[in-house]
Amino acid sequence: MSRFIERTDARAEPGPTPASASASASASASAPAPAPAAGVASAVDTEPVAPVRARATLAVTSAATALALMTYTAPAVTLVDTAAALHTAPSAQAWLLNGTPLGLAAVLLVAGSLADDHGRRRLFVSGTLALALTTLLGALATTTWQFTLARVAQGAASAALLASSLGLLVHAFPTPRGRLHATGVWGAFVSAGIAASPVLSGALPGWRLVYVLLGAATLLVAVVAPRVLTESRSPRGGRPDLPGAAAFGAATVALIAALTLGRDGWLRAPVGLLLLASVALLGLFVVVERRVATPMIDLSLLRNPAFLASSTGGLVTGLAVIGLFSFLPTVLQKSLGMSPMATAWLFLLWSGLSFVVALQARRLAGRVPTRVQLALGFALHAAGVLTMLGAVHAGSWHRLLPGLVVAGIGSGLLNAALPLLAVESVPAARAAMGSGAQQTLRYVGSCAGVALTIAIATGTGGGLARGTDVAMTVSAGLAVLGAVGVLGALGLARAAAATRGSVTSGAGSRGRN
């Protein structure tokens, strides 16, 4: 990890450029600039960040992000053992997987806004400490609901950590080139966390020990973080948007509860009522955001094609990628009789490739636009998943290997492009908010994806193997739609740019005449 960060930091320290000066001017115009601490660039300061501070910021945020993703994916290969220990009914097993993404989706948006307004380091340290404590509590759970509530709390803590970490990186790496490499490393450690967790979970003798070790490691990061991170904020004034946070959080909880309960019957009254409540609460959220002085999210961003591409990318990643690969290890254990460790090593092919590709994808900068890279990642995921059709029914894990390779490359491209697009699509002063918005949709999508995958795989006639093939086909179809949506947003951005250029050219011509 240190080699990756040192190389990144070395590239992130060039002197001021016209591009960085322009970006800094834009950031200072959008929000009052905090007073710069020693060695840290403010919104109007174009001096490079001190090497030690930048390297430390990247190291701590990357380590914490990897641990958050390890906690998130910990139940993937131990779901069978965890459900048995907690006496979880098959219809309730989706909650064991959906607890953390539920907390993430409900809190990420408000966490990003709070980080920008009240201090990114403060929220990062608080989130990391809370994640450590709630992970340790998860190890002590004895019932399904205790474990699920601990997982929801882990998700809320992870939301504070993840949303603020990208804001810290944008502040520590003020130049576009430095930001590119920093977000690339950060995205790679998203993949690293996903890759390491199944191996750790499969190697340890019990699922509770996994949470003890993850909690202890996260606590260590929480202790180190205040010593090496520098506070930054872009305050807008006014009070926190608590009504908006309450409305959005409640809408998210209602939606995910409906999707999770829907696998037992979509026409049941509780499912319909929860869906209606979600729609009503989202409407209330929009009304609140239009009226408050400091909204959690600037609704005018919805007219920005880059922000739409970022949002679409996050949502489809959750639906198509996370949803499928969160449940597929359980399918292999039940259908092929594979052990948790064997499943972990198999999926390391997918997640390990994702890490390597995400780390190297920054070399595509200047050659492949971020949104094209995102669309390519979706296309590769779809292609890889389609090659895996029939493997479970045939009882052959070997037939999964080519698809895992192709899908792993696609996942790496997604994990590299998404964080960069999140901070590119909003003003630099609102980087944590942009990250929170995209990741909110990512984890709303993952909750829906997990519920949808389990419902299809276990509810389709013909058994689990046939149902898994249907779930894979749906995942591939969603990924194709995601690629089309992202490229559509790219076309809108180009058209808008061409229109602005035409108007500017016409105005200049009239001025000369």
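To start, this report covers the structure provided alongside it.

What counts and how
- Residues numbered from 1 in each chain as written.
- Predicted model: local features only at pLDDT ≥ 70, side-chain atom pairs only at ≥ 80, totals over all residues.
- Heavy atoms only, no water.
- Helix = DSSP H or I, 4+ residues; strand = E, 2+ residues; numbered from the N terminus.
- Contact = heavy atoms within 4.5 Å.
- Areas by Shrake-Rupley, 256 points an atom, 1.4 Å probe, with all protein chains shown as cover.
- Buried < 20%, exposed > 50% of the residue type's maximum accessible area, 1.4 Å probe, protein only.
- Arc of directions from axis to C-beta.
- Phe/Tyr/Trp six-rings, centres within 6.5 Å; stacked < 30°, edge-to-face > 60°.
- Core = buried A, V, L, I, M, F, W, Y, C linked by side-chain atoms within 4.5 Å.
- Salt bridge = Lys/Arg side-chain N within 4 Å of Asp/Glu carboxyl O.
- Expected span 1.5 Å × (residues − 1).
- Bend = angle between axes of the 7 residues up to and from the residue.
- Patch = residues over 30% accessible without salt bridge, like charges linked within 9 Å, V, L, I, M, F, W, Y side chains within 5 Å.

Examining the overall build of the protein chain
Along the protein chain, the regular secondary structure elements total 18 helices and zero strands. Sequence separation of 24 or more characterises 83% of the internal contacts of the protein chain that already satisfy a separation of 6 or more. When the accessible surface of the protein chain is summed, it comes to about 19200 Å², and 68% of that surface belongs to carbon and sulfur atoms.

Section: helix H4 (residues 79-86)
For H4, the complete set of buried residues consists of Leu-79, Thr-82, Ala-83 and Leu-86. All buried residues of H4 fall inside an arc of 95 degrees around its axis, so they share one side. Where the residues of H4 are buried, they touch helix H5 (93-118), helix H7 (144-172), helix H9 (207-228) and helix H12 (305-336).

A word on the packing of aromatic side chains
Applying the stated criterion to the full structure yields nine aromatic pairs. Where Phe-147 meets Trp-207, the ring centres are 5.6 Å apart and the plane angle is 90 degrees; that geometry is what we call edge-to-face. You can see Phe-147 sitting in helix H7 and its partner Trp-207 sitting in helix H9, a full 60 residues away along the chain. Given a relative accessible area of 8%, Trp-207 falls into the buried group. Measuring from centroid to centroid gives 6.0 Å for Phe-325 and Phe-347, while their planes differ by 80 degrees, and the two rings are edge-to-face. With a gap of 22 residues between them, Phe-325 in helix H12 and Phe-347 in helix H13 (residues 340-360) connect regions that are remote in the sequence. As far as burial versus exposure is concerned, Phe-325 and Phe-347 are alike and both buried. An aromatic cluster is built from Phe-147, Trp-207 and Tyr-211, whose rings are joined through pairwise contacts.

A few points about the nonpolar core
General note: in soluble globular proteins, nonpolar side chains tend to be found buried as a group. Judged by nonpolar contacts, the single largest core of 112 residues is most densely connected at Phe-124 and Phe-325. Tallying contributions element by element places H7 first for this core, with twelve residues. Apart from residues lying up to four places away in sequence, Phe-325 is in contact with Phe-347, Trp-350, His-381, Met-388, Leu-404 and Ala-407.

Some points on the pattern of salt bridges
Within the structure shown, the criterion is met by one salt bridge. Put simply, Asp-116 and Arg-120 hold a salt bridge, and the shortest N to O gap is 3.0 Å. Grouping residues by exposure puts Asp-116 and Arg-120 together as buried.

Thoughts on the environment of Arg-371
Within the secondary structure, Arg-371 is located in helix H14 (residues 370-387). Along the sequence, Arg-371 and Ser-310 sit 61 residues apart, while their C-alpha atoms lie 8.2 Å from each other.

A look at H12
If you check H12, its first and last C-alpha atoms are 44 Å apart, about what 32 residues at 1.5 Å a residue would give, namely 46 Å. Along H12, the sharpest change in direction is near 35 degrees and occurs at Thr-317. Across the 32 residues that make up H12, a large majority, 25, are buried. Gly-337 sits one or two residues past H12 and shows a positive phi near 70 degrees.

Considering a nonpolar patch on the surface
Together, Leu-129, Leu-133, Leu-219, Leu-220, Val-223 and Val-224 make up an exposed nonpolar region whose accessible area comes to about 490 Å². Those elements that provide at least two residues to the nonpolar patch are helix H6 (120-139) and H9. Counting through the fold element by element, Leu-133 comes out in helix H6.

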